[in-house]
Each structure stands twice: as C-alpha cells, then as structure tokens.
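# Geometric and topological summary
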Amino acid sequence: MCSLIRKHLPWNLLKVVSPRQTQRLLSVVTPDIIEPRKVKGRFASEEQKRIIAEFVTKSSSTFIDWNELKSSVLSINRGYINEKNINGCILEACSQQKRSDLVKSFMKYVKECSNGKPNLALELLYIRSWYKSREELTDDDQYEIQTSCQSLFKNNLHLMNPVLLEAIVMGLCCTPLWRDSLEFIKASKIENDITVNTLTCIILRAFEESEMDLGWTLIHNLFNRHRILPLEIVAAWFSLCEKNVNCSYRRVLEFLRDNEYIIREDLAELIRNKIKQSGIKATTTMVYHHNGKCKNCNQVLKNVDITDSEFKMLQECFLSNVMVGKNIFNNSSPQELNDFKDFIEITAPYDVVVDGLNLAYAYRGKVGNHSITKVIMKNFIAKKLKVLLIGRKHLVKMLGKEFDFIKKNAHIFFTNDLSKDDPFVLYAAMYSGINTQILTRDLMRSHKFLLEDVHMKSIFQKWLQIHRLGLKIRPGDEVMIKEPIKHLQATQESENGIWHMPYQEIKERGSWSKPDSSPDKWMCIQI
C-alpha cells in the first residue's frame, strides 16, 4: 500500500515525512481519489496474456467478438503484444487450450479482415494448431488441411526451409494423405536438414496405422541424424504393443543395445512402467565399477572388447579426420604439428600419456607440499612406466621448481598457449598402440563428433573408456589413480535373458555432474 501511495502523492511530500507519518497518511487517502496505476513492461505483457487466456477460456462458439478482444489487449501500452503479432498470440492461446472451435472462428475472422490471405507465419501456426487437436477433426477439417498443405508446398517450394516443411508435414499427418509427407520431404531438397519433430510426426502416424516397419525405418533415420529417441515415440510403440500381439517391448531394448544409447530418466521410467504392466520385474540398481557386477541380480556385465583390426581402423580414421583435419589448424600450425609428429616417432611408444594442463586446472590445490602434477608423475615413474606429459607452454610457470624433476624423469611436449592440446594427447596414445593409457578428465566429445562414421564413434568411445585413467584424492591428501571401467556401459542382455539398461538422471541446471561418462543409474529387467 505504501508503494501505491508513493506512486500517486507528490514526490517531495514523501521526502519530508517520516515512515510513521506516511502510515498516518493512509487514513486520509481514500480509494476514490487514487488513480489506477499504469501498467508497463513485463506487467503489461502479463496483463495482455491474461486477457487473452481468460477470453479463450470463457468464450462460447455461438458469438465471438474478436475485435473487442484485440481492442482490449492493445489498449494496454508497453506490452510486447502489438498490431503485428496479436493474431499469432491469440491463435496460439486457442491452440494451447485445444479450442479447435475458436481456432476455426478466429482464422475465419482473420481471412475476412485480410481479403482471404493471412500471412504465411499465421497459416503455419494454424496448421500446427490443428495438429494439437487432430483427434477431433471432421472429414471437412481434414480436407481443408490437406488442401492448404498442398497449396503451401507448391507455392513456397522455392522458399522451402525446415520450419516450413515441418508445419506442412504436421498438417498432412492429420489427414489420410499422411504418407505424402515422405514424398514432400524428398521433393523439398532439404532432406538433410529436416527437424526431429518432422520425422516424429510421421513415425507417430505410422504406428497409429500399424505401419511397424515404416515406423522403425524412420526411427533409425531420425536417430542417425539427431542421435535422439523422443519419449512420445516409445510411448506410441508401447501403445501399439498393447493392441498388436506381433509387437514387443523387446524391440526398444534391442534398439538401445544396438545403438549403445544411454537414455534419460523420464524415458527409463516410461519403459519401467510399461514393462511392469506386462508382469515383468524391472528394478533400479547400480553396477559396481571395479567388477561390473549388478547389485540386484549379481550378474556380471559384458566386458568392452576392441580387436586389433578395429583399433587400426580407429587409428587411421582419427589421424585423417581429426588430427590432420582442418580443425587442428584452427588453433595450431602445420609446423607445430610436424614437430610433434617427429617427436613422437623418435620417443614413442609410451605406457601413459598425461594431459598436463587438464590435470593442473582440475586440481589446482596442493597435495601436501607438491602440485598434483608432480605427485602423479612421481607415482608413474615409481612404477617404471614410460610417461609423456603434454601441456601448453605456460604450464612450466605453473609447475615452478617441480618442472625440473618431471623433465629429468619423463618425456615432455609443450604446445603453444593458443593450441588445443587434447588432439595431441589422443595422437600420442593412438600412435603408441592399443595398450597405452591416458590420464585426463576430458571426455573428448568434440573429437568423437568429428568421426563422422557411426561405427567409428562407437569404437572411439569404447577405446577411450577402457584406456582413460581416473583420479581421486582422499582425505589426508592420498592420491589414488583409478583404473578404467572395463564393463560395457550400454543396454545388454545376458545369456539367461536378464537385461541391464543404463540411464542418466535429469539434473537441475547448475547441479553437480560426474566428471566421467559412466551412467548415473541402471535398470535390471528380469524376464
């Protein structure tokens, strides 16, 4: 109330009265002399949205005065809704509340006001609105939508983009001509840029029509493009399984196994609930890192295995696509790379390659009286291992006097301060052979991405998992080097028919995340 008075009383009056006197003023200021407070900024926008939402909720289909609604909303100044975007805001509000009757009414009103030609953005929003209410469509509605989509595609083919194509496909998937969307995608010539939602809409419609093979073909297409498995697709498959005895939930588990995909917790919960409904036991569990044993069933998971031929393929692919590719020269120079190659040819192979800068920045504090880098290097040297330390030149200053000890007992290569050192770490390890280990906290995701072949990405991930050492500092400054996790961290089926499925927790933004690539949780599914 005090803030309200401050708005409407002369500013100099409140400067000369005390807070107690201000309270006394409350008794003499009557409501009839207080003018309504002007709304602006965020509050104005919220008020505009409230008016639209309330109108949509309370409106009947008999008579709707859209002009009155627009006048009410636009009478509020300084909100983000204006003459240019108000039609879209109203249509979106009708769509969110699934008021297909209001969607029709408002679009008819817009066409009357624009001589039958609403702008393209509004037409696309109109089609998307229909998709949300697709179960309620009449034959006439479906005919209108398919005619509109065909017209939009024909008239805008020269302007085709992923967003426009997505809306057209969503519209077609509301009609009996949903299969035409596949032809539209081919004809659009932007097949490589189609969105997740575009393919998802077709997959959902395919499952609705019991087109299992088409649906799964498109799922593989979607996954290969975007490396994602949307929850609504899995839900649609399980719904089909309940109606069709020829469908099985195992197909989802087999897909996760074959693609080594670790799902999120919400999808894992959906799978658990659906599987339990079929009378199968599914239990949240954990897998011990040191031996790969499931806490729930005591089954030991499969070990990761990379053959010599696979490692050779990875070496060749990495050295050509990642190390010698264009990306290395963005932060390095050909001369530096050649110097490094010469150095490796002379000094390799190594037992361990250490990412020095990553280690130094990850553990900046002292362990006892020494840096973590010296403690680790001393540990390896005591085991008579041949070690290569890779870092940037300013690491020398960070190490100070301890650099002399490391220089005497290990091989060292420092890159320029602007160079990326992790490609050098990977190069040295792969050049040294299949048994060389690396010590780093970096998951090397960017380098995995640069390996375009899906099979190569899988081999790289497995190689990194079983060769990347970890580090743990216990109370009392005890430094422990953790051996790599040897068991396969992907969905798998044992010989006795027990499935183990890993998944990641959904974390709040800013919450702690594990510094390794191991999954947060596992599910033990006993058939």
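First, a word on scope: everything that follows refers to the structure included in this document. Model, not experiment: these values are computed from the prediction.

This next bit is on the overall build of the chain. Check the secondary structure of the chain and you find 26 helices and 11 strands. Counting the 527 residues in the chain, one finds 45% classified as buried. Sequence separation of at least 24 residues holds for 68% of the intrachain contacts in the chain that already meet a minimum separation of 6. Total accessible area on the chain stands at roughly 28800 Å², and carbon and sulfur atoms take up 50% of it.

One open sheet holds the six strands; their spatial order is S5-S4-S3-S6-S7-S8, and the pairing between them is mixed. The two strands at the open ends of the sheet, each matched to only one other strand, are strand S5 (411–415) and strand S8 (478–482). Taking each pair of neighbouring strands and ignoring which way they run, the sheet shows an average axis angle of 25°. When strand S3 (residues 352–355) meets strand S6 (residues 437–439), the two strands line up parallel, connected through three bridges. From the neighbouring strand, Val 353 faces S6, where its bridge partner is Ile 438. Contacting S3, strand S4 (387–392), S6, strand S7 (468–474) and S8, helix H21 (residues 372–382) crosses the sheet at an angle of about 60° to S8.

A few words now on the packing of aromatic side chains. One pass over the structure, following the stated rule, counts 19 aromatic pairs. Judged by centre distance (4.9 Å) and plane angle (70°), the ring pair of Trp 66 and Phe 106 falls under edge-to-face. One end of the pair, Trp 66, is in helix H5 (residues 66–74); the other, Phe 106, is in helix H7 (residues 100–113), and 40 residues separate them in sequence. Taken as a pair, Trp 66 and Phe 106 share a single burial class, namely buried. Relative to Tyr 109, the ring of Phe 106 has its centre 5.7 Å away and its plane inclined at 35°; by these criteria the two rings are tilted. Here Tyr 109 and Phe 106 lie together in helix H7, a separation of three residues that amounts to about one turn. Each member of the pair, Phe 106 as well as Tyr 109, carries the same accessibility label: buried. Members of the aromatic cluster, connected to one another through ring pairs, are Phe 207, Trp 216, Phe 223, Trp 237, Phe 255 and Tyr 261.

Close contact between helix H6 (residues 86–96) and H7 brings their axes to 9 Å; oriented N to C, the two are set at 160°. With respect to H7, the element H6 is oriented roughly antiparallel. Both H6 and H7 take part in a crossing whose hand is left-handed. Residues Asn 87, Ile 90, Leu 91, Cys 94 and Ser 95 of H6 touch H7, and the partners they reach there are Leu 102, Val 103, Phe 106, Met 107 and Val 110. In the contact of H6 with H7, the residues fall into eight nonpolar, two polar and no charged.

What follows concerns the nonpolar core. Formed by 91 residues in total, the largest nonpolar core has its most connected members in Trp 66 and Ile 271. Leave out the neighbours within four places in its chain, and Ile 271 touches Val 234, Phe 238, Val 252, Leu 256, Ile 263 and Met 501.

Turning our eyes to something else, we now look at the environment of Gln 465. With respect to the helices, strands and loops of the structure, Gln 465 is situated in helix H26 (residues 454–467). The sequence separation of Gln 465 and Pro 484 amounts to 19 residues, and the corresponding C-alpha distance is 6.4 Å. Among residues more than four places away in sequence, those in contact with Gln 465 are Val 304, Pro 484, Ile 485, Lys 486, His 487 and Gln 489. Within the local environment of Gln 465, its side chain forms a polar contact with the backbone oxygen of His 487, the two atoms lying 2.7 Å apart.

Moving on, we come to the pairing of S4. Counting buried residues in S4 gives five out of six residues, a clear majority hidden from the surface. Taken together, the four bridges between S3 and S4 define a ladder with parallel strand orientation. Bridge assignment links Val 354 to a residue of S4, and that residue is Leu 389.

So, how was this worked out
Residues numbered from 1 in each chain as written. Predicted model: local features only at pLDDT ≥ 70, side-chain atom pairs only at ≥ 80, totals over all residues. Heavy atoms only, no water. Helix = DSSP H or I, 4+ residues; strand = E, 2+ residues; numbered from the N terminus. Buried < 20%, exposed > 50% of the residue type's maximum accessible area, 1.4 Å probe, protein only. Contact = heavy atoms within 4.5 Å. Areas by Shrake-Rupley, 256 points an atom, 1.4 Å probe, with all protein chains shown as cover. Pairing = 2+ DSSP bridges. Axes fitted to C-alpha atoms, helices over the stretch in contact; angles between N-to-C directions. Phe/Tyr/Trp six-rings, centres within 6.5 Å; stacked < 30°, edge-to-face > 60°. Parallel < 35°, antiparallel > 145°, perpendicular 65-115°, else oblique. Left-handed = near helix turned anticlockwise from the far one by under 90°. Nonpolar A, V, L, I, M, F, W, Y, C, P; charged D, E, K, R; others polar. Core = buried A, V, L, I, M, F, W, Y, C linked by side-chain atoms within 4.5 Å. Polar contact = N/O pair within 3.5 Å; in protein donor to acceptor, adjacent residues only side chain to side chain.

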